[in-house]
Amino acid sequence: MNIALFLEMAAEAQGDRVAFKDALTGESISFAGLYKAAQAKSQVLHESGASHCALIDTSNLTIPVALFASGWSGIPYVPINYRLTTDEIDALIDRVKPAFVVTDAERREAWVDRDDLIIHDRQSFRDVHAQSDDIAHWSMEPDDVAVVLFTSGTTGAPKAAIMRHRHLVSYTLMMDFGSADEDEAALVTVPPYHIAGIAAILTSVYQCRRVVQLATFEPDNWLRVAREEGITSTFVVPTMLARIVESLEGQRSANLPNLQAISYGGGKMPLNVIRKAMDLFPDTEFTNAYGLTETSSTITVLGPEEHRTAVASIDPTTQKRLTSVGLPVPGIEIAIRDDEGRDLATNVHGEIFVRGDQVSGEYEGIGSRVDDDGWFPTRDAGYVDDDGYLFLDGRADDVIVRGGENLSPGEIEDVLRDHECVRDAAVVGMPSEEWGEAVAAAVEVSHDVSVETLQSWVREHMRSSRVPEQIQFWDELPYNETGKLLRRIVKEAFADPSST
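Parameters at a glance
Residues numbered from 1 in each chain as written. Predicted model: local features only at pLDDT ≥ 70, side-chain atom pairs only at ≥ 80, totals over all residues. Heavy atoms only, no water. Patch = residues over 30% accessible without salt bridge, like charges linked within 9 Å, V, L, I, M, F, W, Y side chains within 5 Å. Areas by Shrake-Rupley, 256 points an atom, 1.4 Å probe, with all protein chains shown as cover. Salt bridge = Lys/Arg side-chain N within 4 Å of Asp/Glu carboxyl O. Helix = DSSP H or I, 4+ residues; strand = E, 2+ residues; numbered from the N terminus. Core = buried A, V, L, I, M, F, W, Y, C linked by side-chain atoms within 4.5 Å. Buried < 20%, exposed > 50% of the residue type's maximum accessible area, 1.4 Å probe, protein only. Contact = heavy atoms within 4.5 Å. Pairing = 2+ DSSP bridges. Axes fitted to C-alpha atoms, helices over the stretch in contact; angles between N-to-C directions. Phe/Tyr/Trp six-rings, centres within 6.5 Å; stacked < 30°, edge-to-face > 60°. Lys NZ or Arg CZ within 6 Å of the ring centre and 35° of its normal. Polar contact = N/O pair within 3.5 Å; in protein donor to acceptor, adjacent residues only side chain to side chain. Parallel < 35°, antiparallel > 145°, perpendicular 65-115°, else oblique. Left-handed = near helix turned anticlockwise from the far one by under 90°.

## Some thoughts on a nonpolar patch on the surface
Okay, step 1: Where nonpolar side chains cluster on the molecular surface, the patch consists of Met1, Met140 and Leu173 and spans about 240 Å² of accessible area.
Okay, step 2: With respect to the helices and strands, the residue Met1 is situated in the segment before helix H1 (4-14).

## Re the nonpolar core
Okay, step 1: Ranked by internal contacts, the top residues of the largest apolar core, which has 49 residues, are Phe20, Leu34, Phe68, Tyr77, Phe100 and Val147.
Okay, step 2: Residue contributions to this core peak at eight residues, all from helix H8 (residues 195-207).
Okay, step 3: Those residues in contact with Phe100, other than ones at most four positions away along the chain, are Val44, Leu45, Ser48, Ala50, His52, Cys53, Ala54, Ile118, His120 and Phe125.
Okay, step 4: Residues Leu214, Val237, Tyr264 and Leu322 belong to the second largest nonpolar core, which totals 34 residues.

## Some remarks on the sheet that holds strand S26 (residues 470-473)
Okay, step 1: In space, the three strands of this open sheet follow the order S24-S25-S26, with mixed pairing throughout. Every interior strand has two partners, whereas the edge strands, strand S24 (422-432) and S26, have only one. For this sheet, the mean angle separating the axes of adjacent strands, direction not counted, is 25°.
Okay, step 2: In the packing of helix H16 (residues 487-495) onto the sheet, the strands contacted are S24, strand S25 (436-445) and S26, and the crossing angle to S24 comes to about 55°.

## Re the sheet that holds strand S14 (residues 297-302)
Okay, step 1: Strand order in the open sheet formed by nine strands is S2-S1-S10-S9-S11-S12-S13-S14-S15, and the pairing between neighbours is mixed. The outermost strands of the open sheet, each flanked by one partner alone, are strand S2 (28-30) and strand S15 (327-328).
Okay, step 2: Bridge analysis of strand S11 (residues 233-236) against strand S12 (residues 261-264) gives four bridges, and the strand direction is parallel. Its bridge partner being in S12, Thr234 is matched across the sheet by Ile262.
Okay, step 3: Contacts between helix H9 (residues 219-228) and the sheet are confined to strand S9 (185-188), strand S10 (210-213) and S11, with S9 contributing the most and set at about 165° to the helix.

## Section: the pattern of salt bridges
Side chains that differ in charge, positive against negative, can pair when their charged atoms come close.
Okay, step 1: Inspection of every chain in the model, using the stated rule, returns 36 salt bridges.
Okay, step 2: Residue Asp104 is joined to Arg107 by a salt bridge in which the shortest nitrogen-to-oxygen separation is 2.9 Å.
Okay, step 3: Taking the relative accessible area as the measure of exposure, Asp104 reaches 24% and is therefore partly exposed.
Okay, step 4: On the basis of relative accessibility, which here comes to 18%, the residue Arg107 falls in the buried class.
Okay, step 5: With a closest N to O distance of 2.7 Å, Asp397 and Arg379 form a salt bridge. Of this pair, Asp397 sits in the loop between strand S21 (390-395) and strand S22 (400-402) while Arg379 sits in strand S20 (residues 376-384), placing them 18 residues apart in sequence.
Okay, step 6: Classification of Asp397 by relative accessible area gives exposed; the value is 61%.
Okay, step 7: Through salt bridges that share partners, Asp398, Glu413, Asp414, Arg417, Asp424 and Arg487 make up one connected network.

## Re the packing of aromatic side chains
Okay, step 1: With the rule as written, the count across this model stands at eight aromatic pairs.
Okay, step 2: Here the aromatic rings of Phe177 and Tyr206 are separated by 5.3 Å at their centres, their planes lie at 55°, and the arrangement is tilted. Taken as a pair, Phe177 in the loop between helix H7 (165-172) and S9 and Tyr206 in helix H8 lie far apart in primary sequence, 29 residues in all.
Okay, step 3: Following the ring pairs from residue to residue traces out a cluster consisting of Phe6, Phe177 and Tyr206.
Okay, step 4: When the ring centre of Trp435 is taken as origin, the NZ or CZ atom of Arg402, which lies over that ring, is 3.8 Å away.

## Focus: unusual backbone geometry
Okay, step 1: Residue Pro98 is bonded to the preceding Lys97 through a cis peptide linkage, with omega at 0°.
Okay, step 2: With respect to the element layout, Pro98 can be found in the loop between helix H4 (86-94) and strand S5 (99-103).
Okay, step 3: A positive phi angle, close to 55°, is found at Asn255, a residue other than glycine.
Okay, step 4: Structurally, Asn255 can be placed in the loop between helix H10 (238-247) and S12.
Okay, step 5: With a relative accessible area of 52%, Asn255 lands in the exposed category.

## Some thoughts on the side chain of Thr323
Okay, step 1: As for its position among the elements, Thr323 is in the loop between helix H13 (316-320) and S15.
Okay, step 2: The exposure class assigned to Thr323 is buried, which follows from its relative accessible area of 19%.
Okay, step 3: At a separation of 2.6 Å, a polar atom in the side chain of Thr323 contacts the main-chain carbonyl oxygen of Lys320.

## Things to note about the environment of Gln131
Okay, step 1: Looking at the secondary structure, you find Gln131 in the loop between helix H6 (122-127) and strand S7 (145-150).
Okay, step 2: When its relative accessible area of 74% is taken as the criterion, Gln131 is described as exposed.
Okay, step 3: As a C-alpha pair, Gln131 and Glu47 span 84 residues in sequence and 7.7 Å in three-dimensional space.

## Quick word on the packing of H7 against H8
Okay, step 1: At a minimum axis distance of 10 Å, the contact between H7 and H8 shows a crossing angle of 55°. One element, H7, and the other, H8, form an angle in the oblique class. Along this stretch, H7 crosses H8, giving a crossing that reads as right-handed. Of H8, the residues touching H7 (which contributes Leu168, Tyr171 and Thr172) are Ala199, Leu202, Thr203 and Tyr206.

Structural data, given as structure tokens:
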């Protein structure tokens, strides 16, 4: 199958229904209009001779047109982080040229003379027409490349993760076609270069759900748009939800009666944030979704009932489940392995491996990282409890090795966040002559508290080896725009204290 088939199905079933609306401009497009636009632009892409269709822009109506037109034309779609520097973007463009590029007007003006690029901004892409009326039908080859997403590249040059049509189709088919009622609407604030943004487009079109695009996130504006558009579902990263909760401080309710569901993921959710959010959104169902670019989005889910049960329970094990990322979705298997690749027992920490039809695990120029049995090493660390719930520790590279003992930063962070004065925490390893690595913590606090008090708190709840030898107080911990903690920056601060 080809992802363009989802749009054809939606256009035939609900052609007059609004498919996407840009909250900034108020413009909208129907499923039939989107299908017609994607068809026309697929021929433009086909005639261009480009090897990739690169998009460098904020969320707007051009995004779904470019995605489906690329699938239709057989040219990989490559959304690029518009927040990168000019040099960083140039380096990524060089890896996909000759490229058909859709970007903002300013960048188009700067790049218009490049011979290896065909440049359009939103308006010119809308206006451009094919030279021929002969629209070629899309390929149904499941192994054709649909999307190329560049990783964040925090530890080196970004890798180009490949998603073939079969991976994205497998993920999307977990949903029920046409299952959304006409009054349902999803608010999408994640950027178009994030796998969650790709997944939101595909699943919403397949379910015939209206999508309201919000190009930039600001909590008060997010709340306003959600109310005015009658939003029924949304996805946020933890930092977004934390800012929404902060903006509602002093209020008893978010006053969003239409909002039926909030999904969150992309980073570790502080326990105090999700508890406050559930109080402020009492009629909203919360879902924690964990996934990776290489797995075509979500692979485990902690559902609404599990959220409610964990909050209401007095059993510590059940309460702790609120900090998990849930159970594998249908078609996905999870394994925890040690450094030698051996499967580990429940409640033992190791690297998370995943297997399933939606898993790509492939990179351009590198090849597949999936082994002969179909298992992909996520490079995330964690463990599975006795009931199969997955808990994340962070990246495998972030594990602190103190005197030969592997320590999980995530576990220590959870304990620190449980202190009434701590809003957020980031734990890293710092160089130690005695231990090789020692535990260090950067914390955001809501009230004054001493280093000694926090060290005692950790000592009371964990073994002494987990107690941070150094604690720094930060006004704000560093996260990227998709909610991932930039642990590297914290680590650098402890390696060179003068940098803070």
